[in-house]
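# Remarks on the overall topology
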Amino acid sequence: MSRLLRILFVLLLARPVVRLWLGVTVRHQERLPLNGPAIVVANHNSHLDILALYSLFPLGRIPEVQPAAAADYFLKNRLFAWFATQVVGIIPVVRGGVAKGMDPLVGCREALRQGRILILFPEGSRGEPEVLSEIKSGIWYLSRDFPDVPVVPVYLHGLGRAMGRGQWLPVPFFVDIAVGRPLQWLEEKTAFRDRIRESLLYLKQKTLPAAPAEQEA
């Protein structure tokens, strides 16, 4: 039942909001993984980020795609928790779980073992619109356990303005999305985090309007 609910969620909500209400341009959509295990990493400025990423995948692949999201936010009451896990399909991540003696990525590891496509926001929480925050170490630990799983960077431009912190209704604002080439795990933690950040910043430039001289060239 949850698989059907997630397809309906994307068909009836995610796609109409992103494609009709906002409008979207996607660069190199063909680079998105359609089969798992795979990890998609994206910048995070809005609750619309999950909807935008879901809208990129064929409906038949939606049950195999799952975003990781903060347990303290999405599981704060029973009804919201049911909707988040069964309809949206999130994998709850306990922020600060390591300090509590818990593995915050246990659900993510299980999803990869089952061959799913995992969506991660490596900044951790929503940042300021179009500002890329520090890449957290969680993605390195996860990739260390699955070093052969590709990490595909995706940059989302405009969603922080369409529906940023404190907003409950999306404002029509055109969205640009750029998909990068798969990245492989690096043994050195800082180098791996820097590689992800550099890839996202490179993709960010692809989503920005071209300067007049560039348009004439």
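The structure we're discussing is the one just above.
Just so we're clear, the structure is a prediction, and the values are computed from it rather than from any experiment.

## Quick notes on helix H8 (residues 189-207)
- Helix length check: H8 (19 residues) gives 28 Å between terminal C-alpha atoms against 27 Å at 1.5 Å per residue, within 8%.
- Inspection of H8 places Phe192, Arg193, Ile196, Ser199, Leu200, Leu203, Lys204 and Thr207 among the buried residues, and these make up the whole buried set. Along the long axis of H8, the arc covered by the buried residues comes to 145°, so they all point the same way. Summarising the geometry of H8, the exposed residues directed more than 90 degrees from the buried face are Glu198, Tyr202 and Gln205.
- Where the residues of H8 are buried, they touch strand S1 (24-27), strand S2 (38-42), helix H6 (138-145), strand S6 (151-157) and strand S7 (175-179).
- Capping the start of H8 is the job of one residue whose side-chain oxygen sits 3.1 Å from the backbone nitrogen of Thr190: Glu188.

## Digging into a negative patch on the surface
- Among the surface-exposed residues, Glu187, Glu188, Asp194 and Glu198 lie close enough to one another that they form a single negatively charged patch.
- In this structure, Glu198 sits in helix H8.
- By relative accessible area, Glu198 is classed as exposed at 54%.

## Details of the pairing of S7
- Within S7, 5 of the 5 residues are buried, leaving the element largely enclosed by the surrounding structure.
- Taking every second residue as pointing to the same face, both faces of S7 are buried, with Val175, Ile177 and Val179 on one and Asp176 and Ala178 on the other.
- Pairing of S1 with S7, which is carried by 4 bridges, proceeds in the parallel orientation. Across the sheet, the residue bridging to Val24 is Val175, located in S7.

## Some words on a nonpolar patch on the surface
- Nonpolar side chains collect at one region of the surface, where Met1, Leu4, Leu8, Leu11 and Leu12 lie side by side and expose about 530 Å² of accessible area between them.
- As for its position among the elements, Leu4 is in helix H1 (residues 2-22).

## Some remarks on the pattern of salt bridges
- Considering all chains together, one arrives at 7 salt bridges under this definition.
- For Asp103, the salt bridge identified is with Arg109, shortest N-O distance 2.7 Å.
- The buried category is assigned to Arg109, whose relative accessible area is 10%.
- Among the ionic contacts, a cluster of salt bridges with common partners joins Asp103, Arg109, Arg144 and Asp145.

## Side note on the packing of H1 against helix H4 (residues 78-88)
- Viewed as axis vectors pointing N to C, H1 and H4 meet at an angle of 90°, and their least axial separation amounts to 7 Å. On the basis of their axis angle, the class for H1 and H4 is roughly perpendicular. On H4, the residues that touch Ser2, Leu5, Arg6 and Phe9 of H1 are Trp82, Phe83, Gln86, Val87 and Val88.
- The residue makeup of the contact of H1 with H4, split by class, is 6 nonpolar, 2 polar and 1 charged.

## Details of the nonpolar core
- Grouped together as the largest cluster of nonpolar side chains are 35 residues, with contacts concentrated most on Leu53, Tyr54 and Val154.
- Residue assignment for this core shows that the elements contributing at least two residues are H1, S2, helix H2 (48-54), strand S3 (65-70), H4, strand S5 (117-120), S6 and S7.
- Contacts of Tyr54, omitting those with residues within four sequence positions, involve Arg6, Phe9, Val10, Ile62, Val65, Gln66, Pro67, Val88 and Gly89.
- In terms of nonpolar packing, the next biggest core, distinct from the first, is built from 26 residues, Cys108, Leu132, Leu183 and Ile196 among them.

## Some details on the sheet that holds S7
- Judged by pairing direction, the sheet is mixed, and its 7 strands sit side by side in the order S1-S7-S6-S2-S5-S3-S4 without closing on themselves. Looking at strand neighbours, the two that pair on one side only are S1 and strand S4 (91-93), the edges of this open sheet. Mean inter-strand twist for the sheet, computed between neighbouring axes without regard to direction, equals 25°.
- Here S3 pairs with S4 via 3 bridges, running parallel. In the strand pairing of S4, Ala69 is matched with Pro92.
- Against the sheet, H1 contacts S1, S3 and S7, and its axis sits at roughly 105° relative to S1.
- Relative to S2, H6 is tilted by about 170°, and along the sheet it contacts S2, S5 and S6.

Cut-offs and rules
Residues numbered from 1 in each chain as written. Predicted model: local features only at pLDDT ≥ 70, side-chain atom pairs only at ≥ 80, totals over all residues. Heavy atoms only, no water. Helix = DSSP H or I, 4+ residues; strand = E, 2+ residues; numbered from the N terminus. Expected span 1.5 Å × (residues − 1). Buried < 20%, exposed > 50% of the residue type's maximum accessible area, 1.4 Å probe, protein only. Arc of directions from axis to C-beta. Contact = heavy atoms within 4.5 Å. Polar contact = N/O pair within 3.5 Å; in protein donor to acceptor, adjacent residues only side chain to side chain. Patch = residues over 30% accessible without salt bridge, like charges linked within 9 Å, V, L, I, M, F, W, Y side chains within 5 Å. Areas by Shrake-Rupley, 256 points an atom, 1.4 Å probe, with all protein chains shown as cover. Salt bridge = Lys/Arg side-chain N within 4 Å of Asp/Glu carboxyl O. Lys, Arg positive; Asp, Glu negative; His and termini not counted. Charge placed at Lys NZ, Arg CZ, Asp CG, Glu CD. Pairing = 2+ DSSP bridges. Axes fitted to C-alpha atoms, helices over the stretch in contact; angles between N-to-C directions. Parallel < 35°, antiparallel > 145°, perpendicular 65-115°, else oblique. Nonpolar A, V, L, I, M, F, W, Y, C, P; charged D, E, K, R; others polar. Core = buried A, V, L, I, M, F, W, Y, C linked by side-chain atoms within 4.5 Å.

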